[in-house]
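Residue-level structural notes
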Amino acid sequence: MDMEERMNKREKLVVLGGGESGVGSAVLGKDKELEVFLSDFGTLSDSYRKVLEEENIEYEEGKHTEEKILNADIVVKSPGIPPTAPIVKKLVEKGIPVISEIEFAAAYTNSKMVCITGSNGKTTTTLLTYHILKKAGIDVGLAGNVGKSLALQVARDPHAIYVIELSSFQLENMYKFKANIAVILNITPDHLDRYEYKMENYAAAKFRILQNQTKDDFFIYWQDDPMIIQQIQNVQGEALRLPFGIDKEEDTAAYLDNGIVRFSTPMDVWEIPRDKISLPGLHNLYNSMAAGLSATALNIRKECIREALEDFEAVEHRLEYVATIDGVRYVNDSKATNVNSTWYALESMNTPVVLILGGKDKGNDYSEIEELVKSKVKAIVCMGLHNEKLIDYFSGKVPEIRDTHSLEDAIKACRELSAEGDTVLLSPCCASFDLFTSYEDRGRKFKDAVSAFAPIS
């Protein structure tokens, strides 16, 4: 009996977590006439509580009532809840299926799924792919880590195609789900604290995106990522592979040739000058290649893809220009929550940099950015509750390093350390949860603080 049949036969659905994915799952469960109970160990936001009450869905917050939860026939778990959580362990011990919101929602739709994962660039590539499809007049929905819950859209606002950003956390509890187009951008150290500090465990979670693909599906990936190439050796799937990279190899589907980005696939062959692509930087070139290949696989007209790549606007908190003050450029790259993402940010800099690092360390190895720091960074401002690891690693590798424990103090230090022609770059390498509620919260507060302290020249 497959997962869909099992879900259709079960009556009691428990949803763990009352955020976007959890509330969406609860609504879909209700619409499918399941007996739904939502449990959140924390506090629900007013907006989600209102939805549950308007839908007459039973819920609790601030606790997990084990008697109710362990009586479930199936459980949809928020990706933020780790598999080591006590309640999850008890569910597994009892043999109760625990699945993700994406898995749950996909059982109730036949729509095509374009799924994007990777350590860096997921959001930009997802939004860019969505932008191309919208421009082409496709009935498309945006889901996963961006947009609305896939489950809620399947229940109340269905689309022919969904473009879905998937984290490793979401992929952990996906089993029967199938991506018609699977994109793996890169695999670099991130969230290792969740994966026993083993890269192979993290990579294996990412590669779950290829589960159940057939010869009618597509696998798009960066051909120069060593971890991807290593993991591919274990993949037996029949999906058509469309690798991308700077150099053309035997089967490269997108590559750079004398300033021209060339796409060469069984579906179409086309090109676009690199300098016409709206997003700057090497990382965004890769993101654009992946999005372009996804659209090509969906038979979108090449003229439409070109136009969309040329007019797409940058994602907030990813190398986002904020202001120029006293001749110093301020750039918000708060979305850089791991070392590799900061590598790409530094790679794109062509002025002396005052670099803001810090936050919740996830087992980071800072050696990846060491050479770029030595060659491009004039000063580091550490911004976090615990900066000892950063200070220990980078001391002596930059002319100056400051220890700060608030945004206000960090901005003050940046003003003192920067000079006309410099760039102050917030690209923290770390999660935001020591001083901020999210990377968005960190980025917006940074922008507010920069905009407030002096007139923009």
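Heads up: these notes are all about the structure in this document. Fair warning: this is a prediction, and the values are worked out from it, not measured in the lab. (Residues numbered from 1 in each chain as written. Predicted model: local features only at pLDDT ≥ 70, side-chain atom pairs only at ≥ 80, totals over all residues. Heavy atoms only, no water.)

1. So, the pattern of salt bridges
Side chains that carry opposite charge are capable of pairing whenever their charged atoms lie near each other. So the rule is basically this: A pair is scored as a salt bridge if a Lys or Arg side-chain nitrogen falls within 4 Å of a carboxyl oxygen belonging to Asp or Glu. Put simply, DSSP marks the helices as runs of H or I at least four residues long and the strands as runs of E at least two long, and each gets a number from the N terminus on. Only protein chains enter the accessibility calculation, which uses a 1.4 Å probe; a residue whose area is less than 20% of its type maximum is buried, one above 50% is exposed, and one in between is partly exposed.
For the structure shown, the criterion picks out 28 salt bridges. Note that lysine 135 and glutamate 307 form a salt bridge whose closest N and O atoms lie 3.6 Å from each other. With lysine 135 in helix α7 (residues 122–135) and glutamate 307 in helix α13 (residues 302–311), this residue pair connects regions lying 172 residues apart in the sequence. For lysine 374, the salt bridge identified is with glutamate 371, shortest N-O distance 3.9 Å. In this pair, lysine 374 and glutamate 371 both sit in helix α15 (residues 370–376), three residues apart, roughly one turn of the helix. Given a relative accessible area of 42%, lysine 374 falls into the partly exposed group. For glutamate 371, a relative accessible area of 53% translates into the label exposed. A single network of salt bridges, built from pairs that share partners, joins Lys30, Asp31, Glu55 and Arg156.

2. Some words on unusual backbone geometry
Note: most residues except glycine have negative phi, and most peptide bonds are trans. Even without being a glycine, glutamate 33 presents a positive backbone phi close to 65 degrees. With respect to the helices and strands, the residue glutamate 33 is situated in the loop between α2 (20–31) and β2 (35–40). With a relative accessible area of 74%, glutamate 33 lands in the exposed category. Even without glycine at this site, asparagine 212 takes up a positive phi of about 70 degrees. Structurally, asparagine 212 is set in the loop between α10 (199–206) and β10 (218–222).

3. Observations regarding the nonpolar core
For the record, the criterion: Remark: nonpolar core denotes a set of buried residues (Ala, Val, Leu, Ile, Met, Phe, Trp, Tyr, Cys) joined through side-chain atoms within 4.5 Å. Only heavy atoms enter the contact rule, under which two residues are in contact if any of them lie within 4.5 Å.
Formed by 48 residues in total, the largest nonpolar core has its most connected members in Leu150, Ile164 and Phe177. Once residues within four sequence positions are removed from consideration, isoleucine 164 is found in contact with Ile102, Met113, Val114, Cys115, Ile116, Thr126, Ala143, Gly144, Leu150 and Phe177. Among the nonpolar cores identified, the runner-up in size contains 42 residues, and Val261, Ile277, Tyr286 and Ala291 belong to it.

From the geometry alone we can't say anything about function, so treat these as descriptive.
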